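Understanding the architecture of this molecule
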Amino acid sequence: MEYDFRKIEKDWQKKWKESNAYKVNNDFSKPKSYVLDMFPYPSGAGLHVGHPLGYIASDIYSRYKRLKGFNVLHPMGFDSFGLPAEQYALDTGQHPAETTKKNIATFKSQLDNIGFCYDWEREVQTSDPQYYKWTQWIFLQLFNSYFDKKENKAKPIAELIKSFETEGSLAAHSSQLTAFSADEWKQFDEKQKADILMNCRLAFCGYGEVNWCEALGTVLANDEVVNGVSERGGHPVVKKTLRQWYLRITDYADRLLEGLNTVDFSDAMKEMQSNWIGKSSGAEIEFGVKSQESGAKLRVYTTRPDTIFGVDFMVIAPEHEMVEKIASAEQKAAVEEYITYVKSRSERERMAEKKISGVFTGAYAINPFSGREIPIWISEYVLAGYGTGAIMAVPCGDERDLKFAKHFNIPVTNIIGTHFNGEEANPTKDAILENSGFLDGLLMRDAMEVAINKIEELGIGKRKVNFKMRDAAFSRQRYWGEPFPITWKDGIAKEWKGDLPLVLPDVEKYGPGPDGQGPLANIPEWVAQELETNTMPGYAGSSWYFLRYMDNKNEKEFCSRAASDYWNQVDLYIGGTEHAVGHLLYSRMWTKVLYDLGHIGFDEPFKRLVNQGMIQGSSRFVYRAQVKSAIPLAREKDENKYDKQIFISKNILINVLGDIEWDTDIIDSQKQEEIYAIIKETVSDFPNLKSEGPLTALFIQKIHVDVNIVDGVDLDTIAFKKSRPEYANAIFVLDKDGKYICDVEVEKMSKSKFNTVNPDDLVAKYGADTFRMYEMFLGPVEMSKPWDTKGIEGVHRFLKKFWRLYINDDKSLPAGRQGLIVKDDEPTPAELKVLHNAIRKIEQDTERFSFNTGVSGFMIVTNELTDLKCHKRKILEPLLILLAPYAPHIAAELWSLLGNTTAVLDAAFPTFEEKYVKESSKAYPVAINGKTRTELTIALDATQQQVEELVLTDEVVKKWLEGKPPKKIIYVKNKMINVVI
RNA sequence: GCCCGGGUGGCGGAAUUGGUAGACGCAGCAGACUCAAAAUCUGCCGUUCGCAAGGAUGUGAAGGUUCGAUUCCUUUCCCGGGCACCA
């Protein structure tokens, strides 16, 4: 009886489906565990082997928790709104809903193939009107709320309106609001009131810059812009200001920061989030400006007010409102030219730029303490959105400022004496200040307070806490997203009065609307209702989906309070670090808002977060030789002068060309001759280069080849010929051993690089259990690594070996002697020790997410029990329960073959018992000066003195001591012994 | 540029708290079984010197702390992720 994984897996998947084995009930009597994966965007390319890495980990953990007696919620769904489906619609005219539906069906069948324990009845899809009904509802909660700065929480905006009527603007506790009295408020007209309220709402409208592509008439995402032009078509892209929705996430900055102390995320993750929030304290200082326009003030934000005497120049953002006002007549042209240049640059480019650029405005700021005139510059490295969009530059203490000063020959003032060497800036806070007027002689650390106090005293600035984080842009000029339930009349935004959901209408075409508006602006009926034409961004639906899984059929509420009180926080959330600052911060904010408004009972969504690494693609390349024109321009159109395609094995090229960088497909003429000669050996009718004329040359191109037809680096030449019609008559120039060797490179896994591996293929060949265990065996879940299918055989072999502990599959034996060989004999102490070591190992490794070592633990226990020839029920039955989370199908089959009528899914995880693994002695490594030289078996309760005596009688130790007494003998109980000589 | 990770044999990786570097698996080599193949089993397997016993060396690089460093500290190189409209 062989391990027939195909039959076993098919049968069990069917049984589990029929018996609803994965159905999760809101059974409030049991302890709960909520295990969640970041749900996928259902791309047209389908699932590749990178996707399931986290899903398998969470599936193992869910099944493990179930064996431990928990009611486990482990759902799956789809983040099904998004740009790629819309782009596909633009290209093909197919409705995104149609393609999305198709893609989801593919994803689901691929997921089911791997044997996950999802309860599909709880599935959510963000583009489903029954789902986005509640996304819209939550948006309205945000729209109808404000952040009460005093209570530090969201409250209904109706309460604010009431307070305005009695207290005026004081009620908002906001410095940004222009002051008004209660009476004034009552006098305001509707528009004035609406504008003030808009400044308080958690979801509000403002103006923001977008990547505008005039030629395409549309707004582009950052990754659709490459080197300042559109990725599609290469059209110019400029900044354009559009009305946009925003979420006031900055009001939650402090709570988002503090909340990190209450969750179990990695330190790296917490650090990334707190850096993103970027809380800093310092001062805003106003400088008088000497320019054509008198009375202008320049407000800068600095975290180092103690360095105010070291300011040698100011830098303001090119977008800064003062630029036009202060630029001098002589500098005007230069300033305008610079601003035009900056307009064409993306924010990313501006920050990543190593080259220093900038222009002098011709104006000067006045240092309020020294009266010094400080030149005001413009540079792209200062962004308008950060702080005040203006900085005071202190070159002796800031590297970027120093580089700028050096580049433009601005003299540098040293205020920190010997701490500054003139070459490198020193950002220390521990220097004694010099050249610093009233701060002279103070330690910088202490001078900060002194400086701020003085600044406040003089009324030229104030203490200020600043956040780097900006409010989250929440609208897109796109079709495939949630419509806003908002109408606009006379410039006033109002809640749409119809019943949610406000359904996304069909459109004729997916192209942009007029004036940079989204496609919805093309629908007369939509516009006639004065509905908002923007749609919500991708992260809207994903900011709260974990709540919907708890109660996804609820038609009255987004999630009943009973369900959210029970399932509560996600106990374990798995996903990639690429979501560190986007999705995670947004969903944390939404959770806090829902909590503040009393809709849920917790204000952090994810209790524990585990990051899964990226699976990269390992691309394979072949080298193609062609005879073409030597002139680059002509070569583009030029046909290959030989009618067959010739591919040369990598090693042959390396022998001739060395291990060179392949950034060009042209090789020098002498090497061409050598390669030509080699080709000629295989291809006798290959055209003579010279006879084709002097303008003809040999070109070698490096071309991606599908990894699935390469075994390691050996190309399957027959499969290759079949892979494309133009390769049908390909000729291979092979190595001496007759092999075609491919080149290898690690890249992102993507269809276009032919390096994707479909889990379906591997499941078909080795089974889901093997696939699951192999993905885990690859390495730690958190680590990124390139995919390599080699090695999966080893895991498959292990499962076959495991099978043979239970079943005799020796075909040479008569049928009667094949089959189950498990006996009811009592196990020996050695066998019990092996089992209990395994229980401890698997339990620990599963708890700490070390699935790779868990798999190797299974291999070890299988090897050991095979060596012991152990076929005893009391050992092998508990072992099946250990294996069930990792390889559920084989475990279920053997469990049932052992005669069990209950499901292994609901067995009880075996209990580890110390008594079976207890040792009385240990083989200690004995090191001389830290280098292990021998081993001594010593009782675990031995004293230092006993150990020293034993060690000194050892022959190996004596040899190293050469008769001299040791300086010291270090004995660490249960670890090691070190003899110092 | 800034922030966060990672770098250990031919390859994936192990070493959980500073304590035997290379568990487990792949690949490779040698052998057993077989008419043969597949499957399975046994042994070897970082580099280097040595017949061997044994020694030297070795965790990206350079330094440091320590009886002892893959692990801690400093400097540095390379690779990956993020940087606000991909999801």
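Bear in mind that the values here come from a model prediction, so they are computed numbers and not experimental data.

One can read the domain layout of chain A as domain 1 (31–138 + 539–612), domain 2 (145–257 + 472–495 + 505–528), domain 3 (280–466), domain 4 (615–753), domain 5 (808–906) and domain 6 (921–980). For domain 2 and domain 3, the distance between their C-alpha centroids amounts to 32 Å. Each side of the interface is counted separately: domain 2 has 6 residues, and domain 3 has 7 residues. Three residues, E209, G228 and K239, lead the burial of domain 2 against domain 3; their summed loss comes to 60% of the area buried on that side. There are 0 salt bridges connecting domain 2 and domain 3. Counting across the interface, domain 2 meets domain 3 through 0 residue pairs in polar contact (both at pLDDT 80 or more). Residue composition of the side of domain 2 that touches domain 3, grouped by class: 2 nonpolar, 2 polar and 2 charged.

Following the criterion strictly, the structure yields 69 aromatic pairs and no others. Seen in terms of ring centroids, W16 and Y22 are 5.9 Å apart; in terms of plane orientation they differ by 45 degrees. Their pairing is tilted. Of the two residues examined, W16 and Y22, each falls in the buried class. Between W544 and F558, the ring centres sit 6.2 Å apart and the planes meet at 70 degrees, which makes this aromatic pair edge-to-face. Pair noted here: W544 is in the loop between α17 (539–542) and α18 (545–548) and F558 is in the loop between α18 and α19 (561–567), with a separation of 14 residues, a long-range link. Of the two residues examined, W544 and F558, each falls in the buried class. Aromatic ring contacts, followed pair by pair, group F139, F143, W245, F474, F484, W488, Y539, Y586 and W590 into a single cluster. One cation-aromatic arrangement involves K15 over W12; the distance from NZ or CZ to the ring centre is 4.1 Å. Taking the ring centre of F438 as reference, the NZ or CZ of K454 above it sits at 5.1 Å.

This part takes up the protein's contact with RNA strand B. Within the structure, RNA strand B sits among 66 residues, and N222, E271, K354, L778 and N978 are positioned closest to it. Taking all atoms of RNA strand B within 4 Å of the protein, the share assigned to sugar and phosphate is 62%. One nitrogen or oxygen atom from the side chain of Q477 is found 3.0 Å from a base nitrogen belonging to RNA strand B. With respect to RNA strand B, the side chain of T932 contributes an N or O atom lying 3.5 Å from a sugar or linking oxygen. Its residues assigned to classes, the surface near RNA strand B comprises 26 nonpolar, 19 polar and 21 charged.

Calculation criteria
Sequence positions are assigned chain by chain, starting from 1 and proceeding in written order. Whichever chain is written first becomes A and whichever ligand is written first becomes 1, with later ones labelled in order. Local features in this predicted model are restricted to residues whose pLDDT is 70 or higher, and side-chain atom pairs enter the listing and the counts only when it is 80 or higher, whereas totals over whole chains, interfaces and linings include all residues. Just so you know, side-chain values use all the structure's heavy atoms and leave hydrogens and water out. Boundary definitions for the domains trace back to an automatic or database domain assignment. Residue contacts are defined here by distance: any two heavy atoms, one from each residue, within 4.5 Å place the two residues in contact. Buried area: the sum, over both parts, of the accessible surface (1.4 Å probe) that disappears when the two are put together. Salt bridge, as applied in this entry: a Lys or Arg side-chain nitrogen positioned within 4 Å of an Asp or Glu carboxyl oxygen. We call two N or O atoms a polar contact when they sit within 3.5 Å, provided that within protein one can donate a hydrogen and the other can accept it, with sequence-adjacent residues counted only if both atoms are side-chain atoms. Three residue categories are used. Nonpolar comprises Ala, Val, Leu, Ile, Met, Phe, Trp, Tyr, Cys and Pro, charged comprises Asp, Glu, Lys and Arg, and polar comprises the others, including Gly. Each aromatic pair joins two rings of Phe, Tyr and Trp (for Trp, the six-membered one) with centres within 6.5 Å, and gets the label stacked for planes under 30 degrees apart, edge-to-face for over 60, and tilted for any other angle. Summary of the burial criterion: residues with accessible area below 20% of their type's maximum are buried, those above 50% are exposed, and those between are partly exposed, where the area comes from a 1.4 Å probe applied to protein chains only. In DSSP terms, a helix is any run of H or I states spanning at least four residues, a strand is any run of E spanning at least two, and both are numbered starting from the N terminus. Remark: a charge is flagged as sitting over a ring if the NZ atom of Lys or the CZ atom of Arg is within 6 Å of the ring centre and within 35 degrees of the ring normal. Whether a residue is near a molecule or strand depends on its heavy atoms: if one lies within 4 Å, it is near.

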